[in-house]
Amino acid sequence: MFGLLKAAGVTQFAYVPDAGHKRLIELALADNEVHAVSLTTEEEGVGLLAGADLGGQRGVLLVQSSGVGNCANLLSLVTLGRFPFLCLVSMRGDFGEGNPWQYPAGRAVEPIFEAMGVRTVRVDRAEEVVGVVSAAIAQAFKGNCPTAVLLTQRLLGAKAF
């Protein structure tokens, strides 16, 4: 996934620390050609991606499903400002979830994105990652269609805590 993003010209990786994105964050932090920016809250990433576009760069927002609700208001910036938007969401509250607190936010992800004009695509299996992420990159950066990739718990596995 990191290679796909770099090949597409993504140089800004905005993230809130999350175990589901751990490897991607590590790769971004280790690569001197990209900027990995740790956020204090998820909505900051929406503004960072808009600023990246204004500066001629591409970015991706890495969040957990529970943080999508924090972005709802600022996602209007994406749709009204017509900024490219690519988001990778590590899902909680679906397949195999053992923490009941994660279910409400997990159920809200797709309705929030839909209401704000962001298309969602899901990845359930490892063999789908390259095709789905490539399609999302094309939608976001070539088609100017705000897109979020939902990396489900079938793909990432349910957390044991």
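You'll find the structure just up there.
The following paragraphs examine the structure supplied in this document. Everything numeric here is computed off the predicted structure, so don't read it as measured data.

Rules used throughout
Residues numbered from 1 in each chain as written. Predicted model: local features only at pLDDT ≥ 70, side-chain atom pairs only at ≥ 80, totals over all residues. Heavy atoms only, no water. Helix = DSSP H or I, 4+ residues; strand = E, 2+ residues; numbered from the N terminus. Buried < 20%, exposed > 50% of the residue type's maximum accessible area, 1.4 Å probe, protein only. Salt bridge = Lys/Arg side-chain N within 4 Å of Asp/Glu carboxyl O. Phe/Tyr/Trp six-rings, centres within 6.5 Å; stacked < 30°, edge-to-face > 60°.

## Observations concerning the environment of G3
Topologically, G3 is positioned in helix α1 (residues 2–7). Take G3: its relative accessible area is 47%, and that puts it in the partly exposed class. For the pair formed by G3 and L24, sequence separation is 21 residues and the distance between their alpha carbons is 9.9 Å.

## Focus: the pattern of salt bridges
Under the defined criterion, the tally for this structure stands at nine salt bridges. Ionic pairing is found between D94 and R122, a salt bridge with its closest N-O pair at 3.5 Å. Pair noted here: D94 is in the loop between β4 (86–90) and α6 (103–115) and R122 is in strand β5 (residues 119–123), with a separation of 28 residues, a long-range link. Take D94: its relative accessible area is 17%, and that puts it in the buried class. Judged by its relative accessible area of 35%, R122 is partly exposed.

## Digging into the packing of aromatic side chains
For any pair of aromatic rings, the description rests on two quantities: the centre-to-centre distance and the angle between the ring planes. Here the structure, examined in full by the defined rule, presents one aromatic pair. Ring centres of F2 and F13 lie 5.4 Å apart, and the angle between their planes is 35 degrees; this geometry places the pair in the tilted category. Of this pair, F2 sits in helix α1 while F13 sits in strand β1 (residues 10–15), placing them 11 residues apart in sequence. Overall, the relative accessible area of 1% leaves F13 in the buried class.

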